[in-house]
Amino acid sequence: MLKTPVVVFTSLSLLLSLSCAGDVKSRSCSDVRQAFTTKGFSVHNLPHQEISGQHLRVCSQGYTCCTSDMEDRIGQQSKLDFEKLVDETSLTIRTIFTSRHKKFDEFFLELLDNSEKSLNDMFVRTYGKLYTHNSEMFEDLFSELKRYYTGGNVNLEEVLNDFWSRLLERMFQLLNSQYTFTDDYLECISKYTDQLKPFGDVPRKLKAQVTKAFIAARSFVQGLMVGREVANRVAKVNISPGCSKALTKMLYCPYCGEMPGLKPCANYCQNVMRGCLANQADLDPEWNLFIDAMLLVADRLEGPFNIEAVMEPIDVKISEAIMTMQDNSMQVSSKVFQGCGHPKAAGVGRSARGISDVFNSRFRPYSPEERPTTAAGTSLDRLVIDIKEKLKESKKFWSSLPDSICAEDEVTDPDEEQCWNSHTKGRYFPEVVKDGLTNQLNNPEVEVDITRPDTFIRQQIMTLRVMTNKLRNAYNGKDVYFQDSSELIRSLYRSMFTFQCNFKVHKQLKGEKVSKLFSLSAPLCSQGDKLVFKSCTIRSVIGTYFGFDLL
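Residues numbered from 1 in each chain as written. Predicted model: local features only at pLDDT ≥ 70, side-chain atom pairs only at ≥ 80, totals over all residues. Heavy atoms only, no water.

Moving on: the overall build of the protein. Across its full length, the protein carries 25 helices and four strands. Burial status across the protein gives 46% buried among its 551 residues. The contacts of the protein with a sequence gap of at least 6 include a subset with a gap of at least 24, amounting to 80%. Of the accessible surface of the protein, which amounts to about 28,000 Å², a share of 51% is contributed by carbon and sulfur atoms. (Helix = DSSP H or I, 4+ residues; strand = E, 2+ residues; numbered from the N terminus. Buried < 20%, exposed > 50% of the residue type's maximum accessible area, 1.4 Å probe, protein only. Contact = heavy atoms within 4.5 Å. Areas by Shrake-Rupley, 256 points an atom, 1.4 Å probe, with all protein chains shown as cover.)

Following this line, the structure appears as C-alpha cells:
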C-alpha cells in the first residue's frame, strides 16, 4: 500500500519531464532566421526549430538555432564587422593626417610658386633686360628650393652660397663692363665673397632664415605623411585565431542561443577589444612621442621658422642685396683688382658704361594689395593653429581605441543587467584587463600569445621612432636628409644587429625567449654589412627583438 503513491509520483515526474523536454525541443528559430536574414545571411539550411549544438566549436553546445556552416559564416562575418568597426573608429584620425598633409603640401608649393612669380614680375619691371638675360640663376635657386622641399638630397647652404657667388660674378661683370673677364678671373672673384661682403649682411641672414624655415616645413609635411601612412596601416588589423573566436562569441553567439537582439556588455566588449587590439595599443607610446615632436615643429612654424614670413619678402631682400652691391661697387671692384689682378680692357667695339647706366632704378616691392594670395587663400598661421588642435586630440588614440569602439551604442548595451555576458543575459563580472600585449596574459576572453609581438606593428613603431628623431632635429634647426625607405630600413636593421652583437647578455630577459632570439641572430652577427635584409628569418628576429623594447 505504501508503494502505490511512489509509483504514481514517479510516473507523474516522468511525464512532466518529457513534457518539458518536448517544449524545449520545439522552440522556434523564426526570430533568429529573421535576424540573420536582416544581416544578409542565407537561411536556406538553417533549422526552423532548435537542434542539439554538439556540433558547434565556438558557441554554446546546448540547444541552438545554428548549424556548423552558419557558425563558420558568422565567424567570417564577425571578422568583417570588427574590421569595419576599427576602420570607422579610426577614420577621423586618418582623415586628419590625409587632409592636412594635402593642405600643407599645397600651401608650401604654392607659396614657392608665388614667391618666384613675385620676384620675376618685379625684377622684370625694375631691371628689364638685365634681369631677363640673367634670370636662369634665380630660376635655378627656386628649382633647388623646391627640390629640397619635395625630399631631394639638396644641401641648402651650398645652394644659397652658389646663388650669391653667381650673382656676384654677374653683377661684377655688369658693373665693370669696360673689362673682359676670364673664367679663372671670375672664380677668383667668388673667393672674395666672404671677405668683401659685397651684398652686406643679407646673405648671412637669409641663409639662416631659409634653411631653418625649409627644414621645419619639409620635416613637418613629411611627419604628416608618416602619420597618415602609419594610421592607415595600423587600422588594417591582423586578426588572430583567438581574436576571431572571441569576436564570434561576442557578436553572433547570442543569435545561435535565440537572443539575436542582445548586445554585449560594455566591460565584456572592452576585454575582447583589448585582446584583439593589444599590438595596436603598444604603438601608443611611440605615437605620443611622435605627436609631441610634431607639435614642437608646429610651434617653430608659427614663430622663428615661419616659411611664409621668409619667402614672401625674399624678392625685397635679394633686391636690397643688389642695391648694396651697387652702392659699394667702387670699393668692391678696387679690392678685387688688388687681389685678382687688373682685368683686360674690353675691345674697341664695346662701350664702357657707368654704374648708374646699368642700374637706373630702385626696386619697388609689392604693396599688400598687389602681392599674390597664398595657397587656398589661407595663411600658415591659420593652418598651424588648426593642425595643432587636431594633433593634440590624436594623442593616446591607439590605447583608447578599444574604449572608443565599445562606447558605440550600436555595439554594446549600457544596461549591465540586460546585456550579453559571453554565456547568457546578465551582468559581466570579470575585471577589464589593461591595454597592451603583456597585459593580455590574464585576458578572460581572448587567447593572446604575448611572446609573439606583431612584426608589422613593430615596423610601424620603428618608422615613428625615426620620424620623431627627424622632427626633433628640425625643431633645433638641424638638417635631416630623408633617405628612401629601403635604405632607411637597412640602416635601422644594421644598427639593431650591431647593438645585439655587441651586447649579448641581456639580464632582464631570460629563458627560452632569449635562447631563441640569439640562436636565430647568431649567424647574422658574423655577417656584418653582408646581411640579407629580405630574409624572412631576419624579419622574425626583428619582430621578437622589438617586442622587448631594447632599442
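With that settled, consider the state of the cysteines. According to the stated counting rule, one finds seven disulfides in the structure shown. Each sulfur of the disulfide joining cysteine 29 and cysteine 65 lies 2.1 Å from the other. Judged by the sign of its S-S torsion, about -90 degrees, the cystine formed by cysteine 29 and cysteine 65 is left-handed. Of this pair, cysteine 29 sits in the loop between α1 (3–25) and α2 (30–38) while cysteine 65 sits in the loop between β2 (63–64) and α3 (68–89), placing them 36 residues apart in sequence. Accessibility assignment for this pair places cysteine 29 and cysteine 65 in one class, buried. A sulfur-sulfur separation of 2.0 Å characterises the disulfide bridge that pairs cysteine 59 with cysteine 253. In this structure the cystine formed by cysteine 59 and cysteine 253 twists about its S-S bond by roughly -90 degrees; its chirality is therefore left-handed. (Disulfide = S-S within 2.5 Å.)

Within the element layout of this structure, histidine 101 appears in helix α4 (residues 91–127). In contact with histidine 101, not counting residues within four places along its chain, are Val221, Leu224, Met225 and Arg228.

A few words on helix α18 (residues 329–340). Along its 12 residues, α18 runs 16 Å from first to last C-alpha, staying within 8% of the 16 Å computed at 1.5 Å per residue. Those residues of α18 lying buried are Ser329, Val332, Ser333, Val336, Phe337 and Cys340. Buried residues of α18 fall within an arc of 130 degrees about the axis and therefore sit on the same side. The exposed residues of α18 that point more than 90 degrees off its buried face are Met330 and Gln338. Remark: glycine 341 follows α18 within two positions and exhibits a positive phi of approximately 100 degrees. (Expected span 1.5 Å × (residues − 1). Arc of directions from axis to C-beta.)

Next up on the list: the packing of helix α11 (residues 241–251) against helix α13 (residues 266–276). Contact pair α11 / α13: the axes reach a minimum separation of 9 Å and the direction vectors enclose 160 degrees. As judged from the angle between their axes, α11 and α13 are roughly antiparallel. The chirality of how α11 crosses α13 is left-handed. Residues Cys243, Ala246, Leu247, Lys249 and Met250 of α11 pack against Tyr268, Cys269, Val272, Met273 and Cys276 of α13. Classifying every residue of the contact of α11 with α13 by side-chain character gives nine nonpolar, no polar and one charged. (Axes fitted to C-alpha atoms, helices over the stretch in contact; angles between N-to-C directions. Parallel < 35°, antiparallel > 145°, perpendicular 65-115°, else oblique. Left-handed = near helix turned anticlockwise from the far one by under 90°. Nonpolar A, V, L, I, M, F, W, Y, C, P; charged D, E, K, R; others polar.)

Once that is clear, we can look at the pattern of salt bridges. Considering all chains together, one arrives at 25 salt bridges under this definition. For the salt bridge of lysine 146 with glutamate 116, the shortest nitrogen-to-oxygen distance reads 3.2 Å. With lysine 146 in helix α6 (residues 136–149) and glutamate 116 in helix α4, this pair connects stretches of sequence that are 30 residues apart. Residue classification places lysine 146 among the partly exposed positions, given a relative accessible area of 24%. In this structure glutamate 116 comes out as partly exposed when scored by relative accessible area, which is 21%. For the salt bridge of aspartate 121 with lysine 117, the shortest nitrogen-to-oxygen distance reads 2.9 Å. Within this pair, aspartate 121 and its partner lysine 117 are both found in helix α4, separated by four residues, close to a single helical turn. Residue classification places lysine 117 among the partly exposed residues on the basis of a relative accessible area of 45%. Each of Arg27, Glu50 and Glu258 takes part in salt bridges that share partners, so that together they form one network. (Salt bridge = Lys/Arg side-chain N within 4 Å of Asp/Glu carboxyl O.)

This part covers helix α15 (residues 284–302). In this model, α15 (19 residues) spans 27 Å end to end at C-alpha, consistent with the 27 Å of a helix rising 1.5 Å per residue. Here α15 has its buried residues at Asp284, Glu286, Trp287, Asn288, Phe290, Ile291, Ala293, Met294, Leu295, Val297, Ala298 and Leu301.

With that settled, the discussion passes to the packing of aromatic side chains. Going through the model one piece at a time under the given rule, you end up with 27 aromatic pairs. Considering the side-chain rings of phenylalanine 123 and tyrosine 131, the 5.5 Å spacing of their centres and the 75 degrees angle between planes classify their relative orientation as edge-to-face. Each of the two residues, phenylalanine 123 as well as tyrosine 131, counts as buried. With a centroid separation of 5.5 Å and an interplanar angle of 70 degrees, the aromatic rings of tyrosine 179 and phenylalanine 337 are classed as edge-to-face. With tyrosine 179 in strand β3 (residues 179–180) and phenylalanine 337 in helix α18, the pair connects residues that are 158 residues apart, well separated along the chain. The exposure classification of tyrosine 179 matches that of phenylalanine 337, with both residues buried. (Phe/Tyr/Trp six-rings, centres within 6.5 Å; stacked < 30°, edge-to-face > 60°.)

A few words now on the environment of histidine 48. Relative to the helices and strands, histidine 48 resides in the loop between α2 and β1 (51–52). Separated by 17 residues in the primary sequence, histidine 48 and cysteine 65 place their C-alpha atoms 7.7 Å from one another. In contact with histidine 48, not counting residues within four places along its chain, are Arg27, Ser28, Cys29, Ser30 and Arg33.

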